[in-house]
Amino acid sequence: MRITAVETIPYRIPMRKPLRFASGEVDHIEHVLVRLRTDDGLVGTADIPPRPYTYGETTDSVTAIIGGVFTEALLGADPLDRALIHARLHRTVGNQTAKGGIDIALWDLIGQALETPVHRLLGGFAPSVEVSHMLGFSPAEAVVDEALACVESYGVRAFKIKVGRRPISLDVEVAIALREALGPEVLLYLDANRGWTASEARRVLEATADLDLRFFEEPDDAAEVLARRSLVSASPIPIVADESASTLGEAAREIHTGGASALSIKTARTGFTESAKILGFAEALGIDVLMGNQIDTQLGSAATVTFGAAFEHSSRYPAELSNFLDMGDDLIGEPLTIVDGRLPAPTVPGVGTAVDEDKLARYRLD
Ligand code: MUC
Ligand code: MG
């Protein structure tokens, strides 16, 4: 099996409900579909979500790097030789979501060639994963209504609360209202996307101490190393590195220098191959892992659940798999369904990322 063509297709779909958080706002998704074609007629597909405010990538930069440097690394290669392909890709720094998407598309080809779902090739731990829903900025009453509707419609029992606003009382009020409305059993945690300083984050921890919050993701800027390190050692709950640990190397550095005590893994930026290395690193050190969401479509969420369901250590906590509920439409051919708070991993050969060609024709930008 040899790769004969590399295709990138930018497309745009409006959000049904925009997502607002401390480092940005998403009111439409502008992603890049990558397709790898082989000489035996297979098509490996992945969705790439450029996030300028997080990784500095754009639809144009993703299209340019894949169409140029990465196509040279891919043409003629056998998808099974993925370590060789990654060695070539990693000569180029950065471009995390472009590299993540290529890895997922390679695995999609491998799964199709072996006629096996990729969650089984990777590990085959569970057929489904528990879902955590992400709640963006809104007045407290609206956030509570959204969470209750999610419990009612999808049976979801875990929520990530986007925080990081000033004054901090705005977000503390939301967390208190959610705990009161949802009761003690629902899992709640925070993600500030670097919106606060370390001392503000300490005040938030104090003000929410009796709410049984389980994790605190990117409370402040991890680059402010001393303040971050003392926050991590003082925190009674794990401090999760997300955008401060978007590669295996960064994850190792943040954990070993005390910049974080738990890790978010996002297949959108580390695909399956690098995500598995991060997962093994975390497992060896006994560090909690959350499967994160890069504001993924159903195509992206099919990849996250494929990885999350593959291993015990990636399915210990609910995974962020439901941002697609806020989107106006999706390119996926076989839509995903959350039932009783769980999302099944795709059972078709590959990753389950085959697209609906009519929808692609409607939403593509080229
Ligand atoms: C998250 O976990 O931070 C928002 C920004 C981003 O890069 O990802 C999302 C969700
Ligand atoms: Mg985050």
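For the structure, check the block above.
What counts as what
Residues numbered from 1 in each chain as written. Chains lettered and ligands numbered in written order. Predicted model: local features only at pLDDT ≥ 70, side-chain atom pairs only at ≥ 80, totals over all residues. Heavy atoms only, no water. Helix = DSSP H or I, 4+ residues; strand = E, 2+ residues; numbered from the N terminus. Donors = N, O, S within 2.8 Å, 3.2 Å for Na, K, Ca; no water. Buried < 20%, exposed > 50% of the residue type's maximum accessible area, 1.4 Å probe, protein only. Salt bridge = Lys/Arg side-chain N within 4 Å of Asp/Glu carboxyl O.

Trainee: Would you explain unusual backbone geometry in this entry?
Mentor: Phi is mostly negative for residues that are not glycine, and the peptide bonds are mostly trans. The peptide bond linking R166 to P167 adopts the cis configuration, its omega dihedral lying at -5 degrees. Of note, N193 is a non-glycine position whose phi angle comes to about 40 degrees, a positive value. Counting through the fold element by element, N193 comes out in the loop between strand 6 (187–191) and helix 8 (198–207). You will see that D212, though not glycine, has its phi angle at about 55 degrees, which is positive.

Trainee: Could you clarify how one ought to interpret the coordination of the magnesium ion (ligand 2) in this entry?
Mentor: Tetrahedral coordination by four donors sets the ideal angle at the metal to 109.5 degrees; octahedral coordination by six donors sets it to 90 or 180 degrees. Of the protein atoms, only D191 (OD), E217 (OE) and D242 (OD) coordinate the magnesium ion (ligand 2), at distances of 2.0 to 2.2 Å. Mapped onto the sequence, the residues coordinating the magnesium ion (ligand 2) show the spacing D-x25-E-x24-D. One end of the pair, D191, is in strand 6; the other, D242, is in the loop between strand 8 (239–241) and helix 10 (248–256), with 51 residues separating them in the sequence. Taken as a pair, D191 and D242 share a single burial class, namely buried.

Trainee: Would you take a moment to explain the pattern of salt bridges for this structure?
Mentor: Any two side chains of opposite charge can pair, so long as their charged atoms come close to each other. Throughout the structure, instances matching the rule amount to 20 salt bridges. Between R12 and E30 there is a salt bridge, with its nearest N and O atoms 3.2 Å apart. Here the residue R12 occupies a position in strand 1 (residues 3–21), and E30 occupies one in strand 2 (residues 24–38), the gap between them amounting to 18 residues. Overall, the relative accessible area of 38% leaves R12 in the partly exposed class. Accessibility expressed as a relative area gives 26% for E30, which makes it partly exposed. The shortest N-O distance in the salt bridge between R362 and D329 comes to 3.7 Å. Placement of R362 in helix 14 (residues 357–363) and of D329 in the loop between strand 11 (319–320) and strand 12 (342–344) is noted, with a sequence separation of 33 residues between them. By relative accessible area, which is 16% here, D329 ends up buried.

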